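A structural walkthrough
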Amino acid sequence: MDEVKKNLIEIVNHLSDNIGQRSYLDVHKLNIAARYIEERFTSCACKTERQLFDYRGDSYCNIICEVKGTDRRDDGILVIGAHYDTVIGTPGADDNASGIACLIELARLAILEPPKRTTCFVAFCLEEPPVFMTQNMGSYVYAHSLNESNISVYGMISLEMMGYFSEQKGSQYYPNHLFKYFYPDKGNFIAFVGNVASLSFTKKVKTNFKSVSRFPVESLNAISIVPGVDFSDHRNFWKFGYPAFMITDTGFYRNPNYHAPGDLASTLNYEIMTELVKGLHNALKIL
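Notes on the structure in this doc start here. By convention here, each chain's residues receive numbers from 1 onward along its written sequence. Residues qualify for local features only when their pLDDT is at least 70, as the model is predicted, and side-chain atom pairs are given and counted only at 80 or more; totals for whole chains, interfaces and linings, by contrast, use all residues. With hydrogens and water stripped out, all remaining heavy atoms of the structure feed into the side-chain values.

1. Details of the nonpolar core
The cut-off we apply is this: In these notes, a set of buried Ala, Val, Leu, Ile, Met, Phe, Trp, Tyr and Cys residues joined through side-chain atoms within 4.5 Å is what counts as a nonpolar core. Burial classes: relative accessible area under 20% of the type maximum marks a residue as buried, over 50% as exposed, and values in between as partly exposed (1.4 Å probe, protein chains only). Numbering goes from the N terminus for both helices and strands, where a helix is a DSSP run of H or I of at least four residues and a strand is a run of E of at least two.
Judged by nonpolar contacts, the single largest core of 97 residues is most densely connected at Phe41, Tyr84, Ile100, Phe121, Leu159 and Phe237. When residues in this core are grouped by element, the largest group, eleven residues, is from helix α3 (residues 93–112).

2. Looking at helix α4 (residues 138–148)
Rule in force here: The contact criterion used is simple: two residues touch if any of their non-hydrogen atoms lie within 4.5 Å.
Listed in full, the buried residues belonging to α4 are Gly138, Ser139, Tyr140, Tyr142, Ala143 and Leu146. In this structure, the buried side of α4 is in contact with β1 (48–55), β2 (58–67), β3 (77–83), β4 (119–124), β5 (153–159) and α6 (235–238).

3. Focus: the pattern of salt bridges
We apply this condition: One speaks of a salt bridge when a side-chain nitrogen belonging to Lys or Arg is within 4 Å of a carboxyl oxygen belonging to Asp or Glu.
This structure, assessed with the given rule, holds 13 salt bridges. Ionic pairing is found between Asp75 and Arg117, a salt bridge with its closest N-O pair at 2.7 Å. Of the two residues, Asp75 is situated in the loop between β2 and β3 and Arg117 in the loop between α3 and β4; the sequence distance between them amounts to 42 residues. For Arg117, a relative accessible area of 3% gives the class buried. Linking Asp185 and Lys169 is a salt bridge whose minimum nitrogen-to-oxygen distance equals 2.9 Å. Remark: Lys169 occurs in the loop between β5 and β6 (190–194) and Asp185 occurs in the loop between β5 and β6; sequence separation between them is 16 residues.

This is the structure we're talking about:
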């Protein structure tokens, strides 16, 4: 079996099926997940750092793995992030063990074939409600720390639900019926979604991705009034003026298991995830 595919299956299965629900209430399970993510980073020779923060009397952590770039670039680092917590009541295979699996594999490939730009791979804790859209999100804590340290950021990419795909006609939904005239009605593509200020960065990554992969990709840069545009960790980077967008299978606009007990590892398409990871690695290493 392809090594990337094997690793993706292992990581998603362990987080969702072995550890299971990882909500803000499940501090012990979040700690187990954090140690597992650290071990996966460390196994590919990536030194990790924990960023601790508190919420409602409990301690949580972001896990950071930095890969030095081969070129000196004065326009900032690249940040790739994904959250490892879940909402209450779901094992969270797609949301978001899939994002974490892709994050770890991208870091492993970057160690083997270093990118031109220094890249920080960050596993965020506390993305889901009740913390969502507050300054208690792990991604807000991290973005704020970059800003406080005057670290220049070229751009940030949030990996948010990367594994559910369908070739069935009518399987893809949108926040407004007008979208169906411009986007596919099959949930067989990946989406790059960000705000208007991040358009240039989004287009650059999309252009790179299309040059190295034939996998279908769609993009949308819009204001946050469009439901879903700011529904992940990338939103916190906007607050500090950093370009950012998410890569997603569109979640609840496609996946019937979203935030439900049925979000299981067996529902994901690992062939497509493998293709995505390889394409993203090749696109980002030349950014």
